[in-house]
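One-letter residues, chain by chain:
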Amino acid sequence: MNEADHLVPIEAAIEDEGLLFTRDNDEEALRITFKSEGDRYFVVGYRDDPNFVMIGSGWALPADVELQEASVAANALNVRKKFVKTAIWDEERDALFTVELCVSSADEIRPHFGRLLDALRDTAIEFFSDLREDHA
Amino acid sequence: MVRDRIARFIEGEGHRVETAAVGDTEELAELVFRTRGQTFSVAVSDADPQRFSLSTAYEVPTEVRDRTQASDALRDVEVDFPETRFTLAHDDTIFIATVEYDALDVEAFLENFWEIVGRLRDSGTGAVERMVDRSESKAAADKFIRQFMKGDR
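Residues numbered from 1 in each chain as written. Chains lettered and ligands numbered in written order. Predicted model: local features only at pLDDT ≥ 70, side-chain atom pairs only at ≥ 80, totals over all residues. Heavy atoms only, no water.

A.B. asks: Just checking my understanding: could you explain the overall build of chain A for this structure?
C.D. replies: In terms of regular secondary structure, chain A is built from 3 helices and 6 strands. Counted from the first residue to the last, chain A has its helices and strands arranged as α-β-β-β-β-α-β-β-α. Along the first, second and third principal axes, the C-alpha set of chain A runs to 50 × 30 × 25 Å. Across the 136 residues that make up chain A, the buried fraction comes to 42%. In chain A, 54% of the contacts between residues at least 6 apart in sequence involve partners at least 24 apart. On chain A, roughly 7,400 Å² of surface is accessible, and the fraction owed to carbon and sulfur atoms is 49%. Averaging the locations of the 14 positively and 30 negatively charged side chains of chain A gives two centres separated by 4 Å. (Helix = DSSP H or I, 4+ residues; strand = E, 2+ residues; numbered from the N terminus. Buried < 20%, exposed > 50% of the residue type's maximum accessible area, 1.4 Å probe, protein only. Contact = heavy atoms within 4.5 Å. Areas by Shrake-Rupley, 256 points an atom, 1.4 Å probe, with all protein chains shown as cover. Lys, Arg positive; Asp, Glu negative; His and termini not counted. Charge placed at Lys NZ, Arg CZ, Asp CG, Glu CD.)

Next comes the structure, spelled out in structure tokens:
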């Protein structure tokens, strides 16, 4: 373990959930990737900002969805949802769901990790369900 | 073997899997994994490779002290989830929800795997909610009757 690796407690949280993970660090960022029920998630931290932790997932927008309607759906969720920020990346046509936290230690996240994953999962489900309803 | 194919699938979906033999024979095995904070097990038999049994256990809420109340709730939920079988265990402190799934082959089972897990989870949480609802209804009725007898209503 690297001394500056403040995401180690997140590895324990992922293991608590019974999940497997991989690390993909570089000089600037600490990264963990993992899957749950086949869906991919990531955790990112920055070596120069140990108080910041981001947990997220990203999904491609369906081809028939217009960016404008995706942004409206994302904004509606941002108003209503706890924890999760939904963003539309125009060029990539991706929807990104993230939880960004300011912590003294990533240990603080461990007991709440399952709840945060649920929040990410539920927000993505609601986002795509809202888009499908708009198209119906 | 069927158990290895299922174990590889679950691991490929991101979950740690433990495989345990059931009984003395090599034929029957149980694959245990966790998802969304809940432990599930898949029972597979190489002698019957088209039949799969998926189970998970829930604690009976502490406010539900009456066995009849718990079994009534489970019977009610079985109407909404006819594929799920519920069994009270450990002196009725827990109940086990099980789905027996017959598939053409293991690939057909895996294609529907997370949907089956989701249905099983919905049935289990539905049963817990039903048990608690019944407790609350009874408490509300008791409160009403007490107020009624005091002439508050």
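On we go from here.
A.B. asks: Whenever I open this one, the packing of helix α2 (residues 67–80) of chain A against helix α3 (residues 113–135) of chain A confuses me. Can you help?
C.D. replies: Each pair of packed helices can be described by the angle between their axes along with the distance between the axes. Residues and elements named next belong to chain A. Axis separation between α2 and α3 bottoms out at 10 Å; the angle between their running directions is 135 degrees. Considered as vectors, α2 and α3 are oriented oblique to each other. Handedness of the α2/α3 crossing: right-handed. Where α2 approaches α3, its residues E69, A70, A73, A74, L77 and R80 are matched on the opposing element by T123, E126, F127, D130, L131, D134 and H135. Partitioned by chemical class, the residues of the contact of α2 with α3 number 6 nonpolar, 2 polar and 5 charged. (Axes fitted to C-alpha atoms, helices over the stretch in contact; angles between N-to-C directions. Parallel < 35°, antiparallel > 145°, perpendicular 65-115°, else oblique. Left-handed = near helix turned anticlockwise from the far one by under 90°. Nonpolar A, V, L, I, M, F, W, Y, C, P; charged D, E, K, R; others polar.)

A.B. asks: Is there a simple way to explain the pairing of strand β5 (residues 84–89) of chain B in this structure?
C.D. replies: Regular strands place their side chains on alternate faces of the sheet. Residue and element names in this part refer to chain B. Note: β5 against strand β6 (residues 94–102), 6 bridges, orientation antiparallel. Residue pairing in the sheet places A89 in a bridge with I94 of β6. Taken together, β5 and the strand that follows it, β6, pair antiparallel across an intervening segment of 4 residues, in which H90 is found at a positive phi of about 50 degrees. (Pairing = 2+ DSSP bridges.)

A.B. asks: Explain the layout of surface pockets to me, please; I cannot follow it from the model alone.
C.D. replies: Space left empty within the atom packing is revealed by a probe, the size of a water molecule, rolled over the atoms. Residue and element names in this part refer to chain A. Computed from the structure, the largest pocket encloses a volume of approximately 180 Å³. Of all the secondary structure elements, the ones that give two or more residues to the lining of the largest pocket are β3 (39–46) and α3. Ranked by the residues each element gives to the lining of the largest pocket, the list is headed by α3, at 4 residues. Partitioning the lining of the largest pocket into residue classes produces 6 nonpolar, no polar and 4 charged. (1 Å grid on protein atoms, 1.4 Å probe; cavity = no way out; pocket = protein on both sides within 12 Å on 5 of 7 lines; lining within 4 Å. Points joined across faces, edges and corners; volume = space filled by probe spheres on them.)

A.B. asks: I'm lost on the sheet that holds β6 of chain B in this one. Help?
C.D. replies: Within a sheet, adjacent strands bond to each other through the backbone by hydrogen bonds, running parallel or antiparallel. Residue and element names in this part refer to chain B. What the 6 strands build is an open sheet, ordered β1-β2-β3-β4-β6-β5; its pairing is antiparallel. Edge strands, defined here as strands with exactly one partner in the open sheet, are β1 (18–21) and β5. Neighbour-to-neighbour, the strand axes of this sheet turn through a mean angle of 25 degrees, independent of strand direction. Taken together, the 4 bridges between β1 and strand β2 (residues 28–35) define a ladder with antiparallel strand orientation. Looking across to β2, one finds that T19 is bridged to L31. Lying on the sheet, helix α1 (residues 2–12) is in contact with β1, β2, β3 (38–45) and β4 (51–59); it crosses β2 at an angle near 5 degrees. On top of the sheet, helix α2 (residues 67–80) reaches β5 and β6; it is set at about 170 degrees to β5, its chief contact.

A.B. asks: Before we go on, may I ask you to explain a negative patch on the surface in this structure?
C.D. replies: A contiguous patch of negative charge on the surface is contributed by E27, E28, D48 and D49 of chain A. Residue position: D49 of chain A is located in strand β4 (residues 49–60). (Patch = residues over 30% accessible without salt bridge, like charges linked within 9 Å, V, L, I, M, F, W, Y side chains within 5 Å. Salt bridge = Lys/Arg side-chain N within 4 Å of Asp/Glu carboxyl O.)

A.B. asks: Could you clarify how one ought to interpret the packing of aromatic side chains in this entry?
C.D. replies: Aromatic ring pairs are reported here in terms of the distance separating the ring centres and the angle at which the planes meet. All names here are of chain B. In this structure the tally under the stated criterion is 17 aromatic pairs over all chains. Between F86 and F95 the ring centres are 5.8 Å apart and the planes differ by 70 degrees, which places this aromatic pair in the edge-to-face class. By the burial criterion, F86 is buried, and F95 matches it. (Phe/Tyr/Trp six-rings, centres within 6.5 Å; stacked < 30°, edge-to-face > 60°.)

A.B. asks: How should the nonpolar core be read in this particular structure?
C.D. replies: Considering soluble globular proteins, one finds that nonpolar side chains tend to be buried as a cluster. Among the nonpolar cores identified, the biggest contains 38 residues, and I6, F33, V42, F95, F109 and F113 of chain B are the most heavily contacted of them. Tallying contributions element by element places helix α4 (residues 113–150) of chain B first for this core, with 7 residues. Beyond its immediate stretch of four places on either side in the chain, I6 of chain B contacts L31, V44, F52, V106, F109 and L110 of chain B. Grouped together as the second largest cluster of nonpolar side chains are 35 residues, L61, A74, V84 and F128 of chain A included. (Core = buried A, V, L, I, M, F, W, Y, C linked by side-chain atoms within 4.5 Å.)

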